[in-house]
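# Fold and geometry: a report
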Amino acid sequence: MGQNKYTQEEIDQYYENMKNDFLGPLWHDLGHMVTKEPVHDVEPYLWKWESIRDYALKAGDILEPGKDAERRVVYLQNPSLLKRGLVGYGTHTLYAGIQLLLPGEMAPSHHHSQTAVRFIIEGEGAYTAVNGERSYMQRGDMILTPAWTWHEHKHEGTEPMFWMDGLDVGLVRTLAASFFEPYADEFYPEEQPENYSTKKLSGGAFAPIGEERKPGYPSPIFNYTWERAEYELERLSESSHNEDAYDAYAIEYINPTTGGPADFRIGTMMQKIHPDQHTLAHRHVHSAIYHVLEGEGYTVIDGQKFEWSRGDFFILPPWSWHEHVNTGKDNAYLFSINDKPVMEKLDLEFGETYTENNGHQTIEKTFDPKSD
Ligand code: 1HN
């Protein structure tokens, strides 16, 4: 045996020297590097809508986009990731923020390598323009801003306009691939009639004769309207055959030319949960940020109960058991963004069903933002 050649003191010195020379013994550390299951620093968290809305509205008195700032956004900061100095992280890959645009305001054109999706929460009369095509935003709409496309916002209505921005900030930071550039002017030139791509394609079912059509990204649909999503969920939930054990009645926003996700890096999903519906628990590699469009209920994440109502946001960390419950009298609608497209492209996506206790977790505690 090799170790008999050296005294314990010599061996200790060997490890000390190795460390000082920035080398390491894999025979000690393999288990830290290649863990049996995903290991992460992402904790679940929940923010109440009234609080976020209040902070955003006050920002309306403090600064103006296009003058004092690029955008007026209050972002979700996961406390567990702030401890590691990760600013603007909801999960290790995903960012979400709440943007406020007041009547008459604009946010100037720019582009970046992060990909973005928007989900409209409140107000009307504002548009977002992507590569010169406007889409007027309405509550419940999901609008794509693919990576590196020029985009700006302008409010022509009369009430404050709030929406959620979802970007792959953490992912792009980890991959050291962030680029940003403002446009030379406030606005990118208008190149298409308003909402041209969405109207033209009618959900990918029709296209003008003779038009060149290619499968691929970005999706030909730009605004996935709530009108359509609600209609699809209505049809889907007419039959319990369509019920998903873990997500109730759920649809993913897709790119009709590829059958894949609407955006190439951020997955988007809308689920409808009927009153008294209680899903089974499961876990998967991908993480998510949830927004409650409507309804009230709770989600149990790793034994902790997160009670939600209209407008709230919560974090689903990777590889965490979760199940959803509607406790209200009306249907609940949960919108979420996730990093599943990335995990799938890298062949890292994996999931597991909770088999104990008839598929339901035991609730050990209830989340309270003041004590957590
Ligand atoms: C961005 O470009 C917008 O265009 C919103 O409205 C939020 C957060 C991080 C990086 C870029 C926008 C953003 C963002």
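A quick note: this is a predicted structure, and the numbers were derived from the prediction, not measured. (Residues numbered from 1 in each chain as written. Predicted model: local features only at pLDDT ≥ 70, side-chain atom pairs only at ≥ 80, totals over all residues. Heavy atoms only, no water.)

## Here's the deal with the overall build of the protein
Each helix and strand in the protein was counted, giving eight helices and 23 strands. Over its C-alpha atoms the protein spans a radius of gyration of 23 Å, differing by no more than 12% from the 21 Å that the globule rule assigns to 372 residues. Taking the principal axes of its C-alpha atoms as reference, the protein extends roughly 80 × 55 × 50 Å. For the protein, with 372 residues in total, the buried portion stands at 48%. The long-range share in the protein, meaning contacts at least 24 apart out of those at least 6 apart in sequence, stands at 76%. Accessible surface, the protein: about 19200 Å² in total, of which carbon and sulfur atoms supply 51%. Separation of charge centres in the protein, based on 32 positive and 60 negative side chains, amounts to 2 Å. (Helix = DSSP H or I, 4+ residues; strand = E, 2+ residues; numbered from the N terminus. Rg over C-alpha atoms; globule rule 2.2 N^0.38 Å. Buried < 20%, exposed > 50% of the residue type's maximum accessible area, 1.4 Å probe, protein only. Contact = heavy atoms within 4.5 Å. Areas by Shrake-Rupley, 256 points an atom, 1.4 Å probe, with all protein chains shown as cover. Lys, Arg positive; Asp, Glu negative; His and termini not counted. Charge placed at Lys NZ, Arg CZ, Asp CG, Glu CD.)

## Some thoughts on the pattern of salt bridges
A side chain of one charge can pair with a side chain of the opposite charge when the charged atoms of the two come close. Taken as a whole and judged by the stated rule, the model has 16 salt bridges. The salt bridge involving Arg53 is made with Glu122; its shortest N-O contact spans 2.7 Å. Taken together, the positions of Arg53 in helix H3 (residues 49-62) and Glu122 in strand S5 (residues 116-122) put the pair 69 residues apart, joining distant regions of the chain. A relative accessible area of 25% means that Arg53 is categorised as partly exposed. The partner of Arg72 in a salt bridge is Glu105, and the shortest N-O contact between them spans 2.8 Å. You can see Arg72 sitting in the loop between H3 and strand S2 (73-75) and its partner Glu105 sitting in the loop between strand S3 (95-101) and strand S4 (106-112), a full 33 residues away along the chain. As far as the burial class goes, Arg72 and Glu105 line up, both buried. Because the salt bridges share partners, they merge into one network encompassing Glu37, Arg283 and Glu352. (Salt bridge = Lys/Arg side-chain N within 4 Å of Asp/Glu carboxyl O.)

## Concerning unusual backbone geometry
For the bond running from Tyr217 to Pro218, omega is 0°, close enough to zero to count as cis. Looking at the element boundaries, Pro218 is found in the loop between helix H6 (196-201) and strand S12 (223-224). At Asp276, a position not held by glycine, the phi torsion is positive, near 70°. Assignment of secondary structure puts Asp276 in the loop between strand S14 (267-273) and strand S15 (282-284).

## Considering the sheet that holds strand S1 (residues 46-47)
Either a parallel or an antiparallel arrangement is found when strands of a sheet pair, and the pairing is made through backbone hydrogen bonds. The strand order across the open sheet built from six strands is S1-S19-S16-S21-S14-S13, with neighbouring strands paired in antiparallel fashion. Because the sheet does not close on itself, it has two edges, and the strands there are S1 and strand S13 (249-252). On the sheet, helix H7 (residues 226-236) packs against S13, S14, strand S16 (288-294) and strand S21 (332-338) and is oriented at approximately 135° with respect to S13. (Pairing = 2+ DSSP bridges. Axes fitted to C-alpha atoms, helices over the stretch in contact; angles between N-to-C directions.)

## Remarks on the pairing of S14
Looking along a regular strand, one sees side chains alternate from face to face of the sheet. The element S14 is extensively covered by neighbouring structure, given that seven of its seven residues are classed as buried. The alternating pattern of S14 places Gly267, Met269, Gln271 and Ile273 and Thr268, Met270 and Lys272 on opposite faces, both of which are buried. As paired elements, S13 and S14 share four bridges and run antiparallel to each other. Across the sheet, residue Ile251 finds its bridge partner in S14, namely Met270. Here seven bridges tie S14 to S21, and the two strands are oriented antiparallel to one another. Within S21, the position partnered with Met270 by the bridge is Phe335.

## Some thoughts on the site of the ligand
Taken together, the residues surrounding the ligand are Arg71, Tyr95, Gln99, His110, His112, Arg118, His151, His153, Asp165 and Leu167. Measuring from an oxygen atom of the ligand, one finds a side-chain N or O atom of Gln99 at 2.9 Å. At 2.6 Å from an oxygen atom of the ligand is found a side-chain nitrogen or oxygen belonging to His153. Its free accessible area being 330 Å², the ligand has 83% of it covered by the protein chains. (Near = heavy atom within 4 Å. Polar contact = N/O pair within 3.5 Å; in protein donor to acceptor, adjacent residues only side chain to side chain.)

## Notes on the sheet that holds S4
The five strands are arranged S7-S6-S9-S4-S11 in an open sheet whose pairing can be described as antiparallel. Each edge of the sheet is formed by a strand with only one pairing partner; in this case those strands are strand S7 (133-136) and strand S11 (180-182). Across the sheet, the mean angle separating the axes of adjacent strands is 25° when strand polarity is ignored. Alignment of strand S6 (residues 126-130) against S7, held across four bridges, turns out to be antiparallel. When the bridges of S7 are listed, Val130 appears paired with Glu133.

## Let's talk about the packing of aromatic side chains
Taken as a whole, this structure holds 19 aromatic pairs when the rule is applied. Centre to centre, the rings of Tyr14 and Tyr15 are 5.2 Å apart; their planes meet at 65°, and the pair counts as edge-to-face. Residue classification places Tyr14 among the partly exposed residues on the basis of a relative accessible area of 41%. A residue is classified by how much of its surface remains accessible, and Tyr15, at 25% relative accessible area, is partly exposed. (Phe/Tyr/Trp six-rings, centres within 6.5 Å; stacked < 30°, edge-to-face > 60°.)

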